[in-house]
Amino acid sequence: MVRLLAFLGVGYVLGAKAGRRRYDQISGAYHAVTESPATKKAVDLGRQKLSEKLSPQAPLTQVHHIDDSTTVYAPRDPRD
């Protein structure tokens with residue numbers, strides 16, 4: 001608990017010395033990065049990959065291709 005209070009105190013002192021201008025610079029840079037389309041795309045891709053890894057359902061594999069708009073899928077056999 002003492003360490004937490006010490007870190008908070010140090011953070012407060014350093015933040016107070018940096019001032020409002022520096023805070024606005026850091027905040028602006030943070031918002032520019034987080035609102036960037038490239039960043040959003042990378043985050044979405046990472047979430048999708050993580051979701052695929054953690055999904056309890058077996059991934060689907062193509063079984064039959066019937067025509068240009070119809071394909072039959074089945075769960076992949078985990079032994080393959």
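Model, not experiment: these values are computed from the prediction.

Participant: What exactly am I supposed to notice about the overall build of the protein chain here?
Facilitator: Helix and strand content of the protein chain: two helices and two strands. When the helices and strands of the protein chain are read in sequence order from the N terminus, they spell out α-α-β-β. Counting over 80 residues, the protein chain shows a buried share of 0%. When the accessible surface of the protein chain is summed, it comes to about 7,700 Å², and 60% of that surface belongs to carbon and sulfur atoms.

Participant: I'm lost on a nonpolar patch on the surface in this one. Help?
Facilitator: Residues M1, L4, L5 and L8 make up a contiguous nonpolar surface patch of roughly 480 Å² in combined accessible area. Within the fold, L8 resides in helix α1 (residues 2-34). Take L8: its relative accessible area is 53%, and that puts it in the exposed class.

Participant: I would appreciate a short explanation of helix α2 (residues 37-54) in the present structure.
Facilitator: For α2, which comprises 18 residues, the first-to-last C-alpha distance of 26 Å matches the rise-based estimate of 26 Å (1.5 Å per residue) to within 8%. Of all the 18 residues making up α2, zero are buried; the element is thus mostly uncovered. The backbone nitrogen of A38 has a side-chain oxygen 3.3 Å away, supplied by the residue at the start of α2, namely S36.

Criteria and cut-off values
- Residues numbered from 1 in each chain as written.
- Predicted model: local features only at pLDDT ≥ 70, side-chain atom pairs only at ≥ 80, totals over all residues.
- Heavy atoms only, no water.
- Helix = DSSP H or I, 4+ residues; strand = E, 2+ residues; numbered from the N terminus.
- Buried < 20%, exposed > 50% of the residue type's maximum accessible area, 1.4 Å probe, protein only.
- Areas by Shrake-Rupley, 256 points an atom, 1.4 Å probe, with all protein chains shown as cover.
- Patch = residues over 30% accessible without salt bridge, like charges linked within 9 Å, V, L, I, M, F, W, Y side chains within 5 Å.
- Salt bridge = Lys/Arg side-chain N within 4 Å of Asp/Glu carboxyl O.
- Expected span 1.5 Å × (residues − 1).
- Polar contact = N/O pair within 3.5 Å; in protein donor to acceptor, adjacent residues only side chain to side chain.

Coordinates in, geometry out; function isn't part of it.
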